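Read off the chains here:
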Protein chains: 2
Amino acid sequence: MSEPADRPIIVLVRPQLGENIGAVARAMLNFGLTELRLVAPRDGWPNPAAGPAASGADVVLEGAQVYSSTAEAVADCAHIYATTVRKRGVTRPVLTPEAAAREIHGQAGRSAVLFGAERSGLETDDVALARAIVTVPINPMFASLNLAQAVILMAYEWSKAETLAQPTAEELLPPADQAELDCLVAHFEALLEPQGYFRPPSRATATRRTLRGILTKPGWNHLEVRTLRGVLSYLGKPRPDEL
Amino acid sequence: MSEPADRPIIVLVRPQLGENIGAVARAMLNFGLTELRLVAPRDGWPNPAAGPAASGADVVLEGAQVYSSTAEAVADCAHIYATTVRKRGVTRPVLTPEAAAREIHGQAGRSAVLFGAERSGLETDDVALARAIVTVPINPMFASLNLAQAVILMAYEWSKAETLAQPTAEELLPPADQAELDCLVAHFEALLEPQGYFRPPSRATATRRTLRGILTKPGWNHLEVRTLRGVLSYLGKPRPDEL
């Protein structure tokens with residue numbers, strides 16, 4: 001896990017609704033980002049609507065710093081990214097969130113990612129402060145990410161290179177070995193043979209091969225094979241009507 | 001761009017708030033997903049709160065289909081993923097959204113991704129229908145994704161490979177759909193029940209779930225399932241010593 005000082009700072013430029021600021025805090029903390037900066041929030045700060053929307057990400061809201069201009073908010077940052085879907089008359093490299101996250105992990109110095117106001121986005125002067133533009137590749141017929149969603153995609157991509165709780169396959173057992181599968185196939189065959197499944201004899205070889213193919217396809221583990229052997233034992237028992 | 005029939009279906013299981021259903025539709029359409037299915041939405045359907053939250057993604061809401069059970073909602077799907085952060089006593093491979101998206105692009109047959117209710121998530125029986133679990137690697141100290149955010153991360157990952165989408169698996173027979181597998185499971189159960197396999201009753205549910213897990217793991221195709229049904233028919237026939 002990165003030290004806090006190595007994690008990117010999320011900068012909301014002229015955010016409007018407190019609810020959205022809270023939702024951003026929640027989105028951030030899900031992926032381990034904790035430093036939020038607010039540039040000229042429309043309704044002042046603190047904003048009572050932010051807390052409930054943060055759903056417990058209070059630590060992010062409590063640490064949020066307020067600035068009067070974007071330039072001040074990023075004065076201590078070495079790498080500034082501007083998130084925008086619109087061309088802003090500024091020539092900058094355009095990165096996906098994935099590429100930006102890779103850059104952020106690979107470079108020394110603090111990184112900040114700017115997000116604009118809910119409807120209007122970043123202004124040209126904000127974008128001009130940035131080294132690069134981050135644009136989420138999106139459905140050209142329906143581009144309607146809200147602020148917290150744009151933040152969460154960036155935070156999510158950043159977190160991928162972190163050691164958060166990665167799902168692991170360690171609980172998964174390895175596939176059963178060939179000998180166990182052979183026993184399973186033989187068990188099936190022993191039950192099927194007296195039932196006439198392998199008749200006529202001319203087709204028996206192909207039928208056995210098909211059955212083996214089906215039973216060896218899954219890569220069942222030891223426990224799964226044992227369970228199936230149990231199933232077969234039950235199927236081979238005397239039937240209630242025979243007792 | 002994928003054909004609509006190749007895109008994953010988003011299935012919301014017992015969603016509560018119409019606002020969240022609308023937000024999911026919006027999240028989906030941003031990344032080109034259009035097919036939404038609702039299992040037993042708490043407040044019925046249509047829900048007047050959904051439209052405003054969809055912010056214009058009406059095409060998704062208008063096409064949404066309602067089902068009374070999860071099994072019905074995925075009956076025509078070959079690959080079912082269950083999104084959950086909690087262990088559910090079901091042994092399945094655990095994938096990141098990225099890995100699941102890669103799988104979905106690489107395989108023939110329709111895929112569905114299940115998302116549970118806002119607070120409670122998916123129930124064990126829902127997860128048991130799935131081949132794999134999708135878990136977003138998240139801050140272990142603050143795991144608080146809302147429904148639309150969970151959906152957007154999955155949709156975003158799926159959309160990444162869209163421009164690269166190539167039809168590779170077309171020669172493979174697609175896996176049998178859920179309805180065929182249900183018949184196979186039921187056939188096994190019908191033979192095992194009179195043999196006492198599901199006794200004592202207190203363990204029957206877990207035993208059924210284990211058996212279903214084993215039988216749905218392989219991704220057998222239609223012909224393979226038919227062969228196995230044939231095997232079961234032979235096993236259920238009167239035995240030679242009974243004749």
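The structure presented is a predicted model; accordingly, all values stated were derived computationally and were not measured.

Enquirer: Where do I start with the pattern of salt bridges in this structure?
Expert: Think of it this way: side chains of opposite charge can pair up when their charged atoms draw near. What the rule picks out here adds up to 26 salt bridges over all chains. Put simply, E98(B) and K160(A) hold a salt bridge, and the shortest N to O gap is 3.4 Å. Here K160(A) lies in helix α7 (residues 147-160) and E98(B) lies in helix α5 (residues 97-106), a pairing that spans two chains. Taken together, the shared-partner salt bridges connect E98(A), E157(A), K160(A), E98(B), E157(B) and K160(B) into one network.

Enquirer: Got a minute to help me understand the packing of aromatic side chains in this structure?
Expert: Think of a pair of aromatic rings as described by two things: how far the centres are apart, and how the planes are tilted against each other in angle. Taken as a whole and judged by the stated rule, the model has 8 aromatic pairs over all chains. Ring geometry for F31(A) and Y156(A): centres 5.6 Å apart, planes at 75 degrees, overall edge-to-face. Taken as a pair, F31(A) in the loop between α1 (18-30) and β2 (36-39) and Y156(A) in helix α7 lie far apart in primary sequence, 125 residues in all. Here the two residues F31(A) and Y156(A) agree in accessibility, since each one is buried. Grouping aromatic residues by their ring pairs yields a cluster made of F31(A), Y156(A), F31(B) and Y156(B). The positively charged end of R208(A) is found above the aromatic ring belonging to F198(A), 4.2 Å away from the centroid.

Enquirer: Sorry, what's going on with the pairing of strand β1 (residues 9-13) of chain A here?
Expert: Within a regular strand, the side chains alternate between the two sheet faces. Residue and element names in this part refer to chain A. Burial within β1 is extensive, with 5 of its 5 residues counted as buried. Of the two faces of β1, both are covered, the one formed by I9, V11 and V13 as well as the one formed by I10 and L12. With 4 bridges joining them, β1 and strand β6 (residues 111-115) adopt parallel strand pairing. Residue pairing for β6: I10 is matched across the bridge by V113. For the segment spanning β1, α1 and β2, crossover handedness is right-handed.

Enquirer: So what exactly am I meant to see when it comes to the domain arrangement of chain A here?
Expert: It is common to give the size of an interface as the accessible area that goes away when the parts come together. Per the domain assignment, the segments of chain A are domain 1 (9-159) and domain 2 (171-238). On a C-alpha basis, the centroid separation for the pair domain 1 of chain A and domain 2 of chain A is 57 Å.

Enquirer: Would you mind showing me how to read the sheet that holds β2(A) here?
Expert: By definition, the strands of a sheet pair up through backbone hydrogen bonds, in either a parallel or an antiparallel sense. Residue and element names in this part refer to chain A. Across the sheet, which stays open at both edges, the 7 strands sit in the order β3-β2-β1-β6-β4-β7-β5 with parallel pairing between neighbours. If you trace the sheet from one side to the other, it starts and ends with β3 (65-67) and β5 (94-95), each paired once. In terms of strand pairing, β5 meets strand β7 (residues 132-134) through 2 bridges, oriented parallel. In the sheet register, V94 faces β7, and the bridge partner there is I133.

Enquirer: It is not clear to me how the interface of chain A and chain B should be interpreted in this structure. Could you clarify?
Expert: Taken together, the 64 residues of chain A in the interface contact 66 residues of chain B. Here chain A and chain B share an interface that buries about 5,400 Å² over both sides, 60% of which is from carbon and sulfur atoms. There are 27 residue pairs in polar contact (both at pLDDT 80 or more) connecting chain A and chain B. Listing elements by their share of the side of chain A that touches chain B, those giving two or more residues are α1, α5 (97-106), α7, α8 (178-192), α9 (201-216) and α10 (222-236) of chain A. Within the side of chain A that touches chain B, the residues separate by chemical class into 35 nonpolar, 18 polar and 11 charged.

Enquirer: How should I be thinking about the environment of P97(B) in this particular structure?
Expert: In this fold, P97(B) is placed in helix α5. Judged by its relative accessible area of 1%, P97(B) is buried. A sequence separation of 65 residues divides P97(B) from E162(B), and the C-alpha atoms of the two residues are 15 Å apart. Not counting residues up to four positions away in its chain, the partners in contact with P97(B) are Y156(A), V134(B), T135(B), V136(B), P137(B), L153(B), M154(B) and E157(B).

Enquirer: I would appreciate a short explanation of the nonpolar core in the present structure.
Expert: If you look at soluble globular proteins, the nonpolar side chains tend to sit buried side by side. In terms of nonpolar packing, the biggest core is built from 83 residues, with I10(A), L12(A), L36(A), I10(B), L12(B) and L36(B) touching the most fellow members. Leaving out residues up to four positions away in the same chain, L12(A) has contacts with I21(A), V24(A), L36(A), R37(A), L38(A), V39(A), F115(A), L147(A) and V151(A). Of all hydrophobic cores here, the second largest spans 38 residues; its members include V231(A), L181(B), W220(B) and L228(B).

Conventions used here
- Residues numbered from 1 in each chain as written.
- Chains lettered and ligands numbered in written order.
- Predicted model: local features only at pLDDT ≥ 70, side-chain atom pairs only at ≥ 80, totals over all residues.
- Heavy atoms only, no water.
- Salt bridge = Lys/Arg side-chain N within 4 Å of Asp/Glu carboxyl O.
- Helix = DSSP H or I, 4+ residues; strand = E, 2+ residues; numbered from the N terminus.
- Phe/Tyr/Trp six-rings, centres within 6.5 Å; stacked < 30°, edge-to-face > 60°.
- Buried < 20%, exposed > 50% of the residue type's maximum accessible area, 1.4 Å probe, protein only.
- Lys NZ or Arg CZ within 6 Å of the ring centre and 35° of its normal.
- Pairing = 2+ DSSP bridges.
- Right-handed = clockwise from strand over helix to strand, strands pointing away.
- Domains from an automatic or database assignment.
- Contact = heavy atoms within 4.5 Å.
- Buried area = accessible area lost by both parts, 1.4 Å probe.
- Polar contact = N/O pair within 3.5 Å; in protein donor to acceptor, adjacent residues only side chain to side chain.
- Nonpolar A, V, L, I, M, F, W, Y, C, P; charged D, E, K, R; others polar.
- Core = buried A, V, L, I, M, F, W, Y, C linked by side-chain atoms within 4.5 Å.

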